[in-house]
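Report on the structure
Each chain, letter by letter, is given below.
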Amino acid sequence: MRIHHILLCFSALVMNSLAHIQENLNEVKNGIHPDVQSIIQNARGLRLGNSKELKPHQLRRCKRAWVLATFEITEEDEGPFPKFVAQLQNDKTQNYSLWYKIMGPGVDQDPERGLFEINKNNGNLYVNRKVDRETTSIFKLTVDALQKRTGNILDSSLIYQIKVKDINDNPPVFSNDIYHVQVSESTAPGQCVFKIEAMDKDEKKHPNSIISYYLVSEPESPAGAMFAIDQENGTITLKNCLDYQKISSYKLLIRARDNGLLIQHSSTATVTINVEDRNNNPPFFASHTASATVSENNVMAVILKVKVSDGDQPGTPGWKAKYAIIHGNEKENYQIETEPDTNNGILLLIKHLDYEHGHEGMLQIAVENEEPLFTCLGTNGEMSTAESQIMTVFIKVLDENDPPVFDPPEMVVKCKEGLLPEVVLGRMNATDPDNIFKNHIRYVKAYDPGELVSVDEVTGVVTTLKALDREAPYMNGSVYDIIIHAVDDGVPPLTGTATLHLHMSDVNDNAPYLVNKNQHICTNGKARSITIMVADDDENPFSGPFTFEILDTKVFGKEMWKLSTAYGMSSQLISLQDPLPGVYAVPFKIYDRQGISNENVLNLRVCHCPDGVTCESLKTHRSVGVGTAIGILFASLLLLLIVSCLFLFCHFTNKMQTNLAPDDKPNGTLIQYNEEGGGVPSSADFILRFLPEQNGHFFTHGFETSGTLRTEDENTYKHKGFFQPSMENLTPVNSSPGYGFNNQNGLENARVQFYNDKEDLQDHCAPHVYMHEGRATSIISLDSLTNPEKRDDFNYLKQLKPKFKTNNEICQ
């Protein structure tokens, strides 16, 4: 809008007072802004609207504005100072007395504070000292017109630019005085090797700052000038081929000069070009033919050292030699290596030679460098590769004792496992390859970890020593390897090696079995089943899937166990009831695919799991041996017998005190039978008859068929009287008048009679002969015993002899 406003104002002024405008133009000369100049030049032809000219009666005077202008001062001007720059005017001077005021950088601000000043009365602008364009190239000054009387600003503030005119006062400057450049010897002519650049602080895109480059000097070379430089951009290019062996380094003097109109400035720098050696010299054999001898069995022996020379720098890839046997090594008996320090070739024998198949040989050896060879052809930049050097070596083979050779070196024998001893598996055949001296060969078994076979020393026949088992730990799957040596009687004796691979096919000689025979179920857990995993050491088709069968599914007469599936690689054992805590022996019968079966017992523990997964540790859990268990059972029977004796003793005490009259002399004779030092041998079946019943079935929980009795607190706590014999059948036998005691043996006889009467109740007490002592002393028949009603004195029992002591302790 401001520009449009100025346009209208100046158009009206030009139409009314062209003379006055021309006068102003003469005053400011070239200081008017280019945009304003364009407006003035086109003011006469200005039209408003589409086609109507601006008429005089339509013009209105607009507010007079400052002329925006740019003034120039020359840098490094020597004065005298202050030096006039320009005069600033405003048409307000016709009506007002004005003061001029300037502000901005160069006046009251940095940079160059105090550089400019203005005569506030007439508007003359002055510079007070010389200025450096490279420090500040332009200044922007703000100019105001103020009324002298009031000091008020009468017009809008405008900005004047003071441009510092450049002079050529700065030379071109390189970033370094010396540059080091590495250039490969294989660089082709015409390629750029380096680009140098200088900087000039004078005004950009001005001749004072435009730089030209010149190659002042370079070392002399047999090929002539080696380098050239582009004057405009400073690019240094290669003109001829480099040769490290002739000149390895070049120093170039480069000058950079500006293009000032009145005066030119320049500077120089040195560019040192170091040539990196490359492979432009091929290796050469010292001799193109050689001869050597080697024993046929002298493996890893050095046959020959091959010498070469190379003109390149030692240690570089262009100097290091690389050898190859290009002919005569079809069986790969030889190998050639490079000796790092000398660059010579070392020819080795790496595989046994056969004198009988040829005692002379010829090798052709080629050599080249690790880095490809090149040759510089000139300015076209093409390279050529030279041919490799070739050397011929004649070799004479010396005869030595050769080891026996198996034919074939590996033998495969297939058989079924279970093969019986003394069966011939095969015959290993070895021969002596020597033609001149034939040696005797003997066979030796070198590797047989399972000691399965024997090898005949003379014939090499391999025979089984024991039955073959595919599932043995020394088997590698179905393969069993046997290593056999053939040893000759030469000097020194040599050995040949062969391998017998014994492949055993599987037979169904293993029954299925439980992988885990001890598992548990938590009474407080969510799971009421466990996984039954089964394995079979045989291979398919003699293994799974398996057929499962539970031999006993009941506990206490109730159906307790069930299988989720009866066929498969595994099954789930499901609990149909809530079993009591303890250990259950669940019998299984498992069949493989061919019907081979095996009975397995799963020890299933039912327990409380604090975390719902793992059983808690038992407070009391002990294993009792077979002998200790029998002792415990005997002690229980002895306790039962003592209780019975005490019961009978108390029952007959009153009647015997009145009816029995003890004599001073005993009529009976006590015979001591063999004392066993404990109760009679017993078994779990015997004591089970005294265990309480539950739902019509004897409680057998806690017993195992292994002969070990285990008890748990949880069982004894929940089933009181688990090991307590029932007393309901131990009622006293009614006394009979026919049972009288007329001597001191009466009580003992009565007790014997008591147990005779209970034999029908205790059918488990089978007759048992401990030791025959001969014919016993005759005593009165038990049938003639009577039981007098009078109460006798039993103090005589305290005076019994030692023979009766054992029975006396039992009765007491």
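Residues numbered from 1 in each chain as written. Predicted model: local features only at pLDDT ≥ 70, side-chain atom pairs only at ≥ 80, totals over all residues. Heavy atoms only, no water.

Glancing now at the overall build of the protein chain. Assigned secondary structure in the protein chain consists of 8 helices and 52 strands. Sequence-distant contacts in the protein chain: of pairs separated by 6 or more residues, those separated by 24 or more amount to 68%. When the accessible surface of the protein chain is split by element, carbon and sulfur atoms take 52% of a total near 47,000 Å². (Helix = DSSP H or I, 4+ residues; strand = E, 2+ residues; numbered from the N terminus. Contact = heavy atoms within 4.5 Å. Areas by Shrake-Rupley, 256 points an atom, 1.4 Å probe, with all protein chains shown as cover.)

Time to look at the environment of D611. For D611, the location among the structural elements is in the loop between β47 (597-607) and β48 (621-624). On the accessibility criterion, D611 (51% relative accessible area) is exposed. Linking D611 and G525, residues 86 residues apart in sequence, is a C-alpha distance of 8.5 Å. (Buried < 20%, exposed > 50% of the residue type's maximum accessible area, 1.4 Å probe, protein only.)

For the structure on display, the rule yields 2 disulfides. Between the sulfur atoms of C522 and its disulfide mate C609 the distance is 1.8 Å. Torsion about the S-S bond of the C522 and C609 cystine: about -80°, corresponding to left-handed handedness. With C522 in strand β38 (residues 518-522) and C609 in the loop between β47 and β48, this pair connects stretches of sequence that are 87 residues apart. The exposure class assigned to C522 is buried, which follows from its relative accessible area of 7%. Exposure remark for C609: the relative accessible area of 0% places this residue in the buried category. One disulfide in the model links C607 with C615; its S-S distance is 1.6 Å. The S-S bond linking C607 to C615 shows a torsion near -50°; that makes this disulfide left-handed. With respect to class, C607 is no different from C615; both count as buried. (Disulfide = S-S within 2.5 Å.)

Taken in spatial order, the 3 strands of this open sheet run β30-β34-β33, and their pairing is antiparallel. The strands lining the two open edges of the sheet, one partner per strand, are β30 (424-427) and β33 (453-455). Neighbour to neighbour, the strand axes of the sheet diverge by 20° on average, direction disregarded. (Pairing = 2+ DSSP bridges. Axes fitted to C-alpha atoms, helices over the stretch in contact; angles between N-to-C directions.)

With that out of the way, let us pick up the pattern of salt bridges. Scanning all chains against the criterion turns up 14 salt bridges. Between K130 and E78 there is a salt bridge, with the nearest N and O atoms lying 3.8 Å from each other. Of this pair, K130 sits in the loop between β7 (124-127) and β8 (138-147) while E78 sits in the loop between β3 (70-74) and β4 (83-87), and the two are 52 residues apart along the sequence. Residue class for K130 comes out partly exposed when judged on its relative accessible area of 42%. Connected through salt bridges with shared partners, the residues E76, E78 and K130 form a single ionic network. (Salt bridge = Lys/Arg side-chain N within 4 Å of Asp/Glu carboxyl O.)

So, on to the pairing of strand β26 (residues 360-369). Pairing geometry for strand β23 (residues 321-327) and β26, over 6 bridges, is antiparallel. Bridging from a neighbouring strand, I325 pairs with I365 of β26. Alignment of β26 against strand β27 (residues 389-398), held across 8 bridges, turns out to be antiparallel. Bridge pairing links E360 to K396 in β27.

Time to look at the environment of V181. With respect to the helices, strands and loops of the structure, V181 is situated in strand β11 (residues 178-184). On the basis of relative accessibility, which here comes to 7%, the residue V181 falls in the buried class. Residues V181 and F194, spaced 13 residues apart in sequence, show a C-alpha to C-alpha distance of 7.3 Å.

In this model, F81 is joined to P82 through a cis peptide bond whose omega is -5°. Examined against the element boundaries, P82 turns out to sit in the loop between β3 and β4. The omega angle of the peptide bond from D407 to P408 is 0°, so this bond is cis rather than trans. Residue placement: P408 occurs in the loop between β28 (405-406) and β29 (410-416). Its identity is not glycine, yet E451 carries a phi of approximately 50°, on the positive side. Looking at where E451 falls in the secondary structure, it is placed in the loop between β32 (441-447) and β33. The class of E451 is partly exposed, set by a relative accessible area of 45%.

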